[in-house]
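Observations on chain architecture
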Amino acid sequence: MQFVTRHPARIYAVLVAALALVVHYVPDLPSALILGLAAAILGTGEAVQRTENTKTATAGLEAAPTE
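This is a predicted model, so every value here is computed, not measured.

Glancing now at a nonpolar patch on the surface. Taken together, Leu-21, Val-22, Tyr-25 and Val-26 make up a surface patch of nonpolar side chains, about 400 Å² in accessible area. Looking at the element boundaries, Tyr-25 is found in helix α2 (residues 8-25).

Applying the stated criterion across every chain, the model contains 2 salt bridges. A salt bridge links Glu-46 to Arg-50, with the shortest nitrogen-to-oxygen separation between them at 2.9 Å. A residue pair is termed a helical-turn pair when its members lie 3 or 4 positions apart in one helix, as Glu-46 and Arg-50 do in helix α3 (residues 31-61) at 4 residues. Exposure remark for Glu-46: the relative accessible area of 34% places this residue in the partly exposed category. Taking the relative accessible area as the measure of exposure, Arg-50 reaches 56% and is therefore exposed. Residues Glu-52 and Lys-55 are paired through a salt bridge, measuring 3.3 Å at the closest nitrogen-oxygen approach. Note that Glu-52 and Lys-55 are positioned in helix α3 at a spacing of 3 residues, about one turn of the helix. A residue is classified by how much of its surface remains accessible, and Glu-52, at 24% relative accessible area, is partly exposed. Look at Lys-55 and you get partly exposed, because its relative accessible area is 33%.

Here the focus is the packing of α2 against α3. It is at 9 Å that the axes of α2 and α3 come closest, and there the two elements cross at 165 degrees. Here α2 is positioned roughly antiparallel relative to α3, judged by the angle of their axes. Relative to α3, the crossing made by α2 is left-handed. Every residue of α3 that contacts α2 at Pro-8, Ala-9, Tyr-12, Val-16, Leu-19 and Val-23 is listed here: Ile-34, Leu-37, Ile-41, Thr-44, Gly-45, Val-48, Thr-51, Glu-52 and Lys-55. For the contact of α2 with α3, the residue count by class is 10 nonpolar, 3 polar and 2 charged.

What follows concerns the confidence of the model for the chain. Looking at the chain, pLDDT values average 86 and 96% of them are 70 or higher. When mean pLDDT is compared element by element in the chain, α2 scores highest at 90, while helix α1 (residues 2-6) scores lowest at 82.

Quick notes on the rules
- Residues numbered from 1 in each chain as written.
- Predicted model: local features only at pLDDT ≥ 70, side-chain atom pairs only at ≥ 80, totals over all residues.
- Heavy atoms only, no water.
- Patch = residues over 30% accessible without salt bridge, like charges linked within 9 Å, V, L, I, M, F, W, Y side chains within 5 Å.
- Areas by Shrake-Rupley, 256 points an atom, 1.4 Å probe, with all protein chains shown as cover.
- Salt bridge = Lys/Arg side-chain N within 4 Å of Asp/Glu carboxyl O.
- Helix = DSSP H or I, 4+ residues; strand = E, 2+ residues; numbered from the N terminus.
- Buried < 20%, exposed > 50% of the residue type's maximum accessible area, 1.4 Å probe, protein only.
- Axes fitted to C-alpha atoms, helices over the stretch in contact; angles between N-to-C directions.
- Parallel < 35°, antiparallel > 145°, perpendicular 65-115°, else oblique.
- Left-handed = near helix turned anticlockwise from the far one by under 90°.
- Contact = heavy atoms within 4.5 Å.
- Nonpolar A, V, L, I, M, F, W, Y, C, P; charged D, E, K, R; others polar.
- pLDDT = per-residue confidence, 0-100.

Now the structure itself:
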């Protein structure tokens, strides 16, 4: 589970790419299923963006490493 919290954008990118390949190579999928998955992907993308923004803001508040 720690890997998921550290790399949500990478996991999201792999899942979206895999879904795009499935949609391309399986043309008989119902359009309602594809649209539902697209909506879910957009919502998940928003969650991933918020997670990454939190990580960036936290890193900006930490003290800079000394040499």
